[in-house]
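# Breakdown of the fold
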Amino acid sequence: MLADFPYRPFFLSFPEFKFFFARGSSSLSKARALRLFRVGHKGVSSNGKAAEARLMRNAGEAREGGDSRGVDRTARYVLDIVPESAGPRRATARGSVIHSVRGPGSQTFLAKEHSAGIVLKPGRNFRASLGSDRITEYDAPVGCLVINPAGVDSTFAWSQARENAVVSISPEALSGLAAHESDFADAELDPPAFGTVDLKALNIARMITAELTGKLPPNELYLDSLLTVFGVHLLRTYTGRGRPAVSSKGRLSAVGARRVREYLDENFARKVMVAELASVAGISPNHFIASFAGTFGMPPHRYLINLRLDFAERLLADGELSIAQVAYLAGFSDQSHLAATMKKFRGRTPTNAGNASVKD
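Residues numbered from 1 in each chain as written. Predicted model: local features only at pLDDT ≥ 70, side-chain atom pairs only at ≥ 80, totals over all residues. Heavy atoms only, no water.

### Concerning the sheet that holds strand 8 (residues 145-148)
Spatially, 2-3-10-5-8 is the arrangement adopted by the five strands of the open sheet, whose pairing is antiparallel. Two strands bound the open sheet, and with one partner strand each, they are strand 2 (89-91) and strand 8. When strand polarity is set aside, the average angle formed by the axes of neighbouring strands in this sheet is 15°. Sheet strands touched by helix 5 (residues 199-213): strand 2, strand 3 (95-102), strand 5 (114-119), strand 8 and strand 10 (162-169). Its angle to strand 3, the strand with the most contacts, is close to 85°. (Pairing = 2+ DSSP bridges. Helix = DSSP H or I, 4+ residues; strand = E, 2+ residues; numbered from the N terminus. Axes fitted to C-alpha atoms, helices over the stretch in contact; angles between N-to-C directions. Contact = heavy atoms within 4.5 Å.)

### Description of the confidence of the model for the chain
Overall, the prediction assigns the chain a mean pLDDT of 76, with 73% of residues at 70 or greater. Per-element confidence in the chain ranges from a low mean pLDDT of 32 for strand 1 (residues 37-38) to a high of 95 for helix 5. A low-confidence stretch, residues 1-73 (pLDDT under 50), is modelled with 162 contacts involving residues beyond four sequence positions or located in other chains. Note on residues 356-360: pLDDT is under 50 here. Beyond four places in sequence and across chains, it has 10 contacts. (pLDDT = per-residue confidence, 0-100.)

### With respect to the nonpolar core
In terms of nonpolar packing, the biggest core is built from 37 residues, with Leu252, Val260, Leu264, Phe288 and Leu338 touching the most fellow members. Contributions of two or more residues to this core are made by helix 7 (254-267), helix 8 (274-281), helix 9 (285-296), helix 10 (300-318), helix 11 (323-330) and helix 12 (335-346). Take this core: its biggest share by element is nine residues, from helix 10. Membership of the second largest hydrophobic core comes to 28 residues, among which are Leu177, Leu223, Phe230 and Leu235. (Core = buried A, V, L, I, M, F, W, Y, C linked by side-chain atoms within 4.5 Å. Buried < 20%, exposed > 50% of the residue type's maximum accessible area, 1.4 Å probe, protein only.)

### Digging into helix 10
The terminal C-alpha atoms of helix 10 lie 27 Å apart, and with 19 residues this matches the ideal 27 Å at 1.5 Å per residue to within 8%. One or two steps after helix 10, the chain reaches Gly319, where phi turns positive at roughly 75°. (Expected span 1.5 Å × (residues − 1).)

### Quick notes on the pairing of strand 7 (residues 136-140)
Note on strand geometry: in a regular strand, side chains alternate between the two faces of the sheet. For strand 7, a buried count of four out of five residues is recorded, marking the element as mostly surrounded by other parts of the structure. Pairing analysis gives four bridges linking strand 6 (residues 123-130) to strand 7, with the strands arranged antiparallel. Within strand 7, the position partnered with Phe126 by the bridge is Tyr138. Here strand 6 folds back onto strand 7, and the loop between the two strands holds five residues, one of which, Gly131, carries a positive phi near 70°.

### Here we look at helix 9
The end-to-end C-alpha separation of helix 9 is 16 Å, in line with the 16 Å expected for 12 residues at 1.5 Å each. Taken together, the buried residues of helix 9 touch helix 7, helix 8 and helix 10. With its phi angle positive at about 80°, Gly297 sits one or two positions after the end of helix 9.

### Observations regarding the side chain of Thr155
Take Thr155: it is sitting in strand 9 (residues 154-158). A polar atom in the side chain of Thr155 sits 2.5 Å from the side chain of Ser129. (Polar contact = N/O pair within 3.5 Å; in protein donor to acceptor, adjacent residues only side chain to side chain.)

### Some remarks on the environment of Ala210
Within the secondary structure layout, Ala210 lies in helix 5. By relative accessible area, which is 47% here, Ala210 ends up partly exposed. For the pair formed by Ala210 and His99, sequence separation is 111 residues and the distance between their alpha carbons is 9.2 Å.

### Focus: the packing of helix 7 against helix 8
Packing of helix 7 against helix 8 leaves a shortest axis separation of 8 Å and a crossing angle of 135°. Overall, the two elements helix 7 and helix 8 adopt an arrangement that is oblique. Where helix 7 crosses over helix 8, the handedness of that crossing is right-handed. Only Glu276, Leu277, Val280 and Ala281 of helix 8 make contact with helix 7, whose side of the interface consists of Gly256, Arg259, Val260, Tyr263 and Leu264. Looking at side-chain class alone, the contact of helix 7 with helix 8 contains six nonpolar, one polar and two charged residues. (Parallel < 35°, antiparallel > 145°, perpendicular 65-115°, else oblique. Left-handed = near helix turned anticlockwise from the far one by under 90°. Nonpolar A, V, L, I, M, F, W, Y, C, P; charged D, E, K, R; others polar.)

### Quick look at the environment of Val78
Relative to the elements of secondary structure, Val78 occurs in helix 3 (residues 78-81). Under the relative-accessibility criterion, Val78 is labelled buried at 3%. Not counting residues within four places of it along the chain, the set of residues in contact with Val78 comprises Ile98, Ala111, Glu113, Ser115, Val166 and Ser168.

### Re the sheet that holds strand 7
A sheet is described by the order of its strands in space; here four strands give the open sequence 4-9-6-7, paired in antiparallel fashion. Either end of the sheet is taken by a strand with one partner, and the two such strands are strand 4 (105-109) and strand 7. For this sheet, the mean inter-axis angle between neighbouring strands, taken without regard to orientation, is 20°. Pairing of strand 6 with strand 9, which is carried by four bridges, proceeds in the antiparallel orientation. Paired with Ser129 across the bridge in strand 9 is Thr155.

### Remarks on the pattern of salt bridges
Scanning the entire structure with this criterion turns up eight salt bridges. Close ionic contact of Glu137 with Arg127 constitutes a salt bridge, the shortest N to O distance being 3.5 Å. Of the two residues, Glu137 is situated in strand 7 and Arg127 in strand 6; the sequence distance between them amounts to 10 residues. Taking the relative accessible area as the measure of exposure, Glu137 reaches 47% and is therefore partly exposed. Here Glu313 and Arg348 are joined by a salt bridge, their closest N and O atoms 3.1 Å apart. Residue Glu313 is located in helix 10, and its partner Arg348 is located in the loop between helix 12 and helix 13 (350-353); the two are separated by 35 residues in the primary sequence. (Salt bridge = Lys/Arg side-chain N within 4 Å of Asp/Glu carboxyl O.)

In structure tokens form, the structure reads like this:
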């Protein structure tokens, strides 16, 4: 349910509803990558060189069977780093795109290009570092975005099969886009915290994947256009020139509010953590609740309840499902939970809300 893919639940059958709203939980890391990286930087920073030297000393066997078990000694192109067995890929004028499906393993590399990975299948217990010795463990829901600036060493390890889109863009190409954006080519990329969800990036990644995996040969010009859109999105969202996530009046910015609203519209039927929403908005969890309330006029928990009740009432009015089924799909623990919550906040019962009947 991205901004470009309207949310239309009534066009789904009940089995599709169950699949779409399958319960689960995800935990987004609260850590923030503090380091800023130059878009046009082609070399390796002092920290990057030290990390590279350390990794070189510990290097073992080269990658085997699609799993990276060694270390790249010099910066290489992303197409050369991600094994061909991972999936279809295509080089374009500005960079490259890959649809990657890989089994459990690890990856340690140093790339010549700026690269980004967008998660297409959720995963848990990822371990990663970026430009330092610090290892972060995080869960990666669909839409999770990891940005790896050019010339910065990184490590990733995953314990289960993963599917993601990999987008790379050369420093020269991104500098050119930056010049078109603001007449300056020295914009700085600020990678988001591991676990951050970016719905716009996911939207672009899905279009790239569809083109790479379609029945017809991929159109290079179309893919390069998507890569350009992705590059502009990076510049507008993950550089110092981007709009602040919190306004001066203690409210979420228009961009932050839109991201949170879209994320809740897609995930209201499962348990959502404050830290998760704060990561989507790009601000500290300590400031998120007050900023959310200042923007939406109510705390996040109440907003989530309203979304669930609105959805439940629409299903009940439709009359196709039992109250128990509606409760499950709307994110309530059971029929009694739905009834108690609806009575408290709407002053009526599920039976009064529609024509649904209790079915065994």
